[in-house]
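Read off the chains here:
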Amino acid sequence: DLGARRGGGAAVSVSIDDVSPRYVPGGYRFRTRVQGQIFEGFPGTGDQALIVYRRGSNEASIHRPLIVYVSPPDNEPVLFGTEEKNGQRIDTKLDAQVIYHDGQWELGRGEDTRDAGDVFVHWDSSDMRSLTVVHEELLFAVRGSRRNGVGLRELRRIAESLPLTD
């Protein structure tokens, strides 16, 4: 049940305008915030926000930034790039259901190749990681690159720093 609630603190009223993590890993700096219809966020018709952080200006940081996606709860709780791939449910301090994906769909053939219309995609678990959080007042996800120092531990710390509990 994607609406299930778990975890600790008391819920607070949250809007997508208010959400920004209180923690990002060392070296990451805020780059931009985009709000509106976000292609790479959650499917649906609701307004969404995408918050981008980068560590330096090297190619890996530019092409694999740390991203926080925020959406109203009426959108589908499936982060772009993780569709039809079962994630692992994990425990956090958040009063929400949290799903971890060790990888994302990438273009081309490889592990678990699928036909996606005019192209093929495969599940690539070599670099990108994400947490998708289903909270009663909003959906959010955090996606980061293992090569840039973001694994499950860092994703969890970022997610737990979002303003969802007192």
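Remember, it's a predicted structure, so these values are computed and weren't measured experimentally. Within each chain, residues carry numbers counting from 1 in the order of the written sequence. Per-residue local features of the predicted model are confined to residues with pLDDT of at least 70, and side-chain atom pairs are confined, for both listing and counting, to 80 or more; whole-chain, interface and lining totals are unaffected and use all residues. The basis for every side-chain value is the complete set of non-hydrogen atoms in the structure, without hydrogens or water.

Asks: Just give me the short version of the overall build of the protein chain, but keep the residues and values in it.
Replies: Counting from the N terminus, the helices are DSSP H or I runs at least four residues long and the strands are E runs at least two residues long. From N to C terminus, the protein chain includes two helices and ten strands. Secondary structure elements of the protein chain occur, N-terminal to C-terminal, as β-β-α-β-β-β-β-β-β-β-β-α. The buried share of the protein chain, taken over its 166 residues, is 47%. A contact between two residues is defined here by any heavy atoms of the two lying within 4.5 Å. Across the protein chain, the fraction of contacts at a sequence separation of at least 24, relative to all contacts at a separation of at least 6, is 60%. Each accessible area value is a Shrake-Rupley result obtained with a 1.4 Å probe; residue values ignore everything except the protein chains displayed when judging cover. For the protein chain, the computed accessible surface area is about 8300 Å², with 47% contributed by carbon and sulfur atoms. Burial here depends on accessible area, computed with a 1.4 Å probe over protein chains only, as a share of the maximum for the residue type. Under 20% is buried, over 50% is exposed, and the range in between is partly exposed.

Asks: Account for the sheet that holds strand E7 (residues 114-115), naming residues and giving values.
Replies: Sheet strands pair via backbone hydrogen bonds, and the direction of the pair is either parallel or antiparallel. Pairing is antiparallel in the open sheet, where three strands are placed in the order E6-E8-E7. The open sheet has two edge strands with one neighbour each: strand E6 (104-107) and E7. As judged from the two bridges shared by E7 and strand E8 (residues 120-124), these two strands associate in the antiparallel manner. Among the inter-strand pairings, Asp-115 is bridged to a residue of E8, identified as Phe-120. Pairs of strands are assigned from DSSP output, requiring at least two bridges between the strands.

Asks: Quick rundown of unusual backbone geometry? Include the residues and the values.
Replies: Positive phi, normally seen in glycine, also occurs at Glu-84, with a value near 55°. Despite not being glycine, Asp-112 has its phi angle at roughly 55°, a positive value. Its location among the elements puts Asp-112 in the loop between E6 and E7.

Asks: Report on the pattern of salt bridges, specifying residues and quantitative values.
Replies: Two side chains with opposite charge may pair up if their charged atoms get near one another. What makes a salt bridge here is a side-chain nitrogen of Lys or Arg within 4 Å of a carboxyl oxygen of Asp or Glu, nothing more. For the coordinates displayed, the defined rule picks out eight salt bridges. Note that Asp-102 and Arg-146 form a salt bridge whose closest N and O atoms lie 3.9 Å from each other. Linking Asp-102 in the loop between strand E5 (97-101) and E6 with Arg-146 in the loop between strand E10 (139-145) and helix H2 (152-160), this pair joins segments that are 44 residues apart in sequence. Its relative accessible area of 46% is what places Arg-146 among the partly exposed residues. Three or more residues are tied together by salt bridges with common partners; here these are Arg-64, Glu-106, Asp-127 and Arg-147.

Asks: Account for the pairing of E10, naming residues and giving values.
Replies: The side chains of a regular strand alternate between the sheet's two faces. For E10, the tally of buried residues reaches seven of seven residues, placing the bulk of the element in the interior. Burial along E10 is two-sided: the face carrying Leu-139, Ala-141, Arg-143 and Ser-145 and the face carrying Phe-140, Val-142 and Gly-144 are both buried. Note that strand E3 (residues 66-71) and E10 share five bridges and pair antiparallel. Across the sheet, Val-70 pairs through a bridge with Phe-140, a residue of E10.

Asks: Please give an account of the sheet that holds strand E4 (residues 88-90) that cites residues and values.
Replies: Taken together, seven strands build an open sheet; the order of strands is E1-E2-E3-E10-E9-E5-E4 and the sheet is antiparallel. The open sheet is flanked by strand E1 (29-36) and E4, the only strands paired with a single partner. Along the sheet, successive strands turn relative to each other by an average axial angle of 20°, direction set aside. Running at roughly 35° to strand E9 (residues 128-134), H2 makes contact with E3, E4, E5, E9 and E10 of the sheet. Comment: axis = line fitted to C-alpha atoms, over the contacting stretch for helices; angle = value between 0 and 180 degrees taken between N-to-C directions.

Asks: Give a description of H2 that names residues and reports values.
Replies: Taken together, the buried positions of H2 are Glu-154, Leu-155, Ile-158 and Ala-159. On an axial view of H2, the arc spanned by its buried residues comes to 135°, and they lie on one face. Lining the buried residues of H2 we find E3, E5, E9 and E10. This arc corresponds to the set of directions leading from the helix axis out to the C-beta atoms.

Asks: Give a description of the nonpolar core that names residues and reports values.
Replies: Core analysis: the largest hydrophobic core is formed by 26 residues, its most contacted members being Val-70, Leu-94, Val-133, Phe-140 and Val-142. Residue assignment for this core shows that the elements contributing at least two residues are strand E2 (48-54), E3, E5, E9, E10 and H2. In plain words, nonpolar cores are sets of buried Ala, Val, Leu, Ile, Met, Phe, Trp, Tyr and Cys residues tied together by side-chain atoms within 4.5 Å. The next biggest cluster of nonpolar side chains, apart from the first, holds ten residues, and it includes Phe-42, Leu-50, Tyr-69 and Val-134.

Take it as geometry only, folks, not as evidence of what the structure does.
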